[in-house]
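Here's the letter readout for the chains.
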Amino acid sequence: MPELDADRALLAEAAQKAGEIALRHFRNAPQVWNKPGDAGPVTEADLEVDAFLRGFLTQARPDYGWLSEETEDDAARLDSDRVFIVDPIDGTRSFIQGENSWSHSLAIADKGQITAGHVYLPVKDLHYTAALGQGATCNGAALKAAQRDTLAGADILATRPNMEAQNWRSLPQITRHHRPSLAYRLCLVAEGRFDAMLTLRDAWEWDIAAGTLIAAEAGVSVTDRKNVPLIFNRPDPASEGVIAANPALHQEIYAALR
């Protein structure tokens, strides 16, 4: 569809430009502040990228709403059929520490469904992208989820608290891995490099919107922790966790959770 192609191309261009801005600050002692309410750190790079993306994207699509981690939420977005959902830098702590797995996460939701998504890791120069019904790619190569259908022995991206015994009917024998960016974790599952990703904490839409479509277009089933499909641009923009894996393994994970 020409419209989807244009939206996907717009997100790709915006992500590339965002990466150029962020890299000027990366490993260059950016200013850092702590957000109110123990909501984590934010850097001058986050704010500069956010301002650029909002200006660039909404100028191109003035009728689209806006939801971003670093912009004060405005309920006006709920009146828009289509909305940009953006995390200027997903993995800010990783960015501050000079690590390489932070990303820019850009998506478009249409009536609650993600129709275009782009996740860009500037240090690695990895562009993950998808449009609804058109598959997902990384730097032009098609993505396909891993096909493991048993939980025992699976390689799962999750933080340590997610794998504590109280969360499971019986603690599974898996190999746990971690990456700081939720968006990147979803892309790694889409790429088949890991069998699944799991977070049992509430997940903000801007962290997961783009990665959800990229994963889904690669054959990954993505739901909240209660096995409910994700809907975006909600008044409270967070999901009750995320489970992402191929359909068979996804059901094994869901069944094993308390």
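Please read all numbers here as calculations on a predicted model, not as lab measurements.

Our focus in this paragraph is the layout of surface pockets. By volume, the largest pocket amounts to about 1,100 Å³. Mapped by element, the contributors of at least two residues to the lining of the largest pocket are β4 (82-90), α3 (92-96), α4 (182-190), β13 (203-204) and α5 (205-217). Put simply, the second largest pocket is a space of about 200 Å³. Considering each element in turn, the lining of the second largest pocket owes the most residues, 4 residues, to α5.

The next thing to look at is the sheet that holds strand β16 (residues 242-245). An order of β11-β10-β12-β16-β14 is seen for the 5 strands of this open sheet, with the pairing classed as mixed. In the strand order of this sheet, the two ends are held by β11 (175-177) and β14 (221-223), each with one partner. Along the sheet, successive strands turn relative to each other by an average axial angle of 20°, direction set aside. Two elements, strand β12 (residues 196-199) and β16, share 4 bridges in a ladder whose sense is antiparallel. For Leu198, the partnering residue across the bridge sits in β16 and is Ile243. Across the sheet, helix α6 (residues 247-256) is in contact with β10 (155-157), β12, β14 and β16; its angle to β16 comes to roughly 145°.

What the rule picks out here adds up to 8 aromatic pairs. Relative to Phe84, the ring of Tyr64 lies with its centre 5.2 Å away and its plane at 40°, an arrangement referred to as tilted. A residue pair is termed long-range when its members are at least 10 positions apart, and Tyr64 in the loop between α2 (44-60) and β3 (65-68) and Phe84 in strand β4 qualify at 20 residues. With relative accessibility at 7%, the residue Tyr64 sits in the buried group. Among the aromatic residues, ring-to-ring pairing joins Phe26, Phe95 and Trp102 into one connected group.

The buried fraction of α4 amounts to 9 of the 9 residues, a majority that puts the element mostly inside the structure. By the burial criterion, the buried members of α4 are Leu182, Ala183, Tyr184, Arg185, Leu186, Cys187, Leu188, Val189 and Ala190. Regarding α4, its N-cap is Ser181, as a side-chain oxygen of that residue lies 3.4 Å from the backbone nitrogen of Ala183 further along. In the segment just after α4, Gly192 is the residue with positive phi, at about 80°.

Once that is clear, we can look at the packing of helix α1 (residues 2-25) against α2. For any two helices packed against each other, the geometry is given by the interaxial angle and the distance between the axes. Contact geometry for α1 and α2: axes closest at 9 Å, N-to-C directions at 155°. As summarised for this structure, α1 and α2 are arranged roughly antiparallel, according to the angle between their axes. When you trace α1 past α2, the crossing you get is right-handed. Counted together, Leu10, Leu11, Glu13, Ala14, Lys17, Ala18, Ile21, Ala22, Arg24 and His25 of α1 and Glu44, Ala45, Glu48, Val49, Phe52, Leu53, Phe56, Leu57 and Ala60 of α2 form the full contact between these two elements.

Right, let's talk about the environment of Lys124 for a bit. Mapped onto the fold, Lys124 is located in the loop between β6 (113-121) and β7 (126-131). Placed 21 residues apart in sequence, Lys124 and Ser103 show a C-alpha to C-alpha distance of 9.5 Å.

Mapped onto the elements of the fold, Arg8 is located in helix α1. Of the buried charged residues, Arg8 lacks a salt bridge, with Asp5 as the closest side chain of opposite charge at 4.1 Å. Once residues within four sequence positions are removed from consideration, Arg8 is found in contact with Ala116, Thr129, Ala130, Ala131, Gln134 and Gly135.

Let's shift gears to the nonpolar core. In this structure, Ile85, Tyr128 and Ile214 are the most contacted members of the largest nonpolar core, which totals 41 residues. The element contributing the most residues to this core is α4, with 8 residues. Apart from residues lying up to four places away in sequence, Ile214 is in contact with Gly117, His118, Val119, Tyr128, Thr129, Ala130, Ala136, Leu143, Cys187 and Ala190. Within the second largest apolar cluster, 23 residues are counted, among which are Phe84, Phe95, Ala116 and Tyr120.

Time to look at the pairing of β4. Of all the 9 residues making up β4, 8 are buried; the element is thus mostly covered by neighbouring parts of the structure. With 4 bridges connecting them, β3 and β4 associate as parallel partners. The residue bridging Leu67 from the neighbouring strand is Ile85, located in β4. Inspection of the sheet shows β4 paired to strand β5 (residues 103-110) by 7 bridges, in the antiparallel sense. Residue pairing in the sheet places Arg82 in a bridge with Asp110 of β5.

Taken together, the 7 strands give an open sheet; going across it, the order is β3-β4-β5-β6-β7-β8-β9, and neighbouring strands pair in mixed fashion. With one partner strand each, in any of the chains shown, β3 and β9 (141-142) form the two edges of the open sheet. As paired elements, β6 and β7 share 6 bridges and run antiparallel to each other. Note that in β7 the partner of Val119 across the bridge is Tyr128. Lying on the sheet, α4 is in contact with β4, β5, β6 and β7; it crosses β7 at an angle near 75°.

Procedures and definitions
Residues numbered from 1 in each chain as written. Predicted model: local features only at pLDDT ≥ 70, side-chain atom pairs only at ≥ 80, totals over all residues. Heavy atoms only, no water. 1 Å grid on protein atoms, 1.4 Å probe; cavity = no way out; pocket = protein on both sides within 12 Å on 5 of 7 lines; lining within 4 Å. Points joined across faces, edges and corners; volume = space filled by probe spheres on them. Helix = DSSP H or I, 4+ residues; strand = E, 2+ residues; numbered from the N terminus. Pairing = 2+ DSSP bridges. Axes fitted to C-alpha atoms, helices over the stretch in contact; angles between N-to-C directions. Contact = heavy atoms within 4.5 Å. Phe/Tyr/Trp six-rings, centres within 6.5 Å; stacked < 30°, edge-to-face > 60°. Buried < 20%, exposed > 50% of the residue type's maximum accessible area, 1.4 Å probe, protein only. Polar contact = N/O pair within 3.5 Å; in protein donor to acceptor, adjacent residues only side chain to side chain. Parallel < 35°, antiparallel > 145°, perpendicular 65-115°, else oblique. Left-handed = near helix turned anticlockwise from the far one by under 90°. Lys, Arg positive; Asp, Glu negative; His and termini not counted. Salt bridge = Lys/Arg side-chain N within 4 Å of Asp/Glu carboxyl O. Core = buried A, V, L, I, M, F, W, Y, C linked by side-chain atoms within 4.5 Å.

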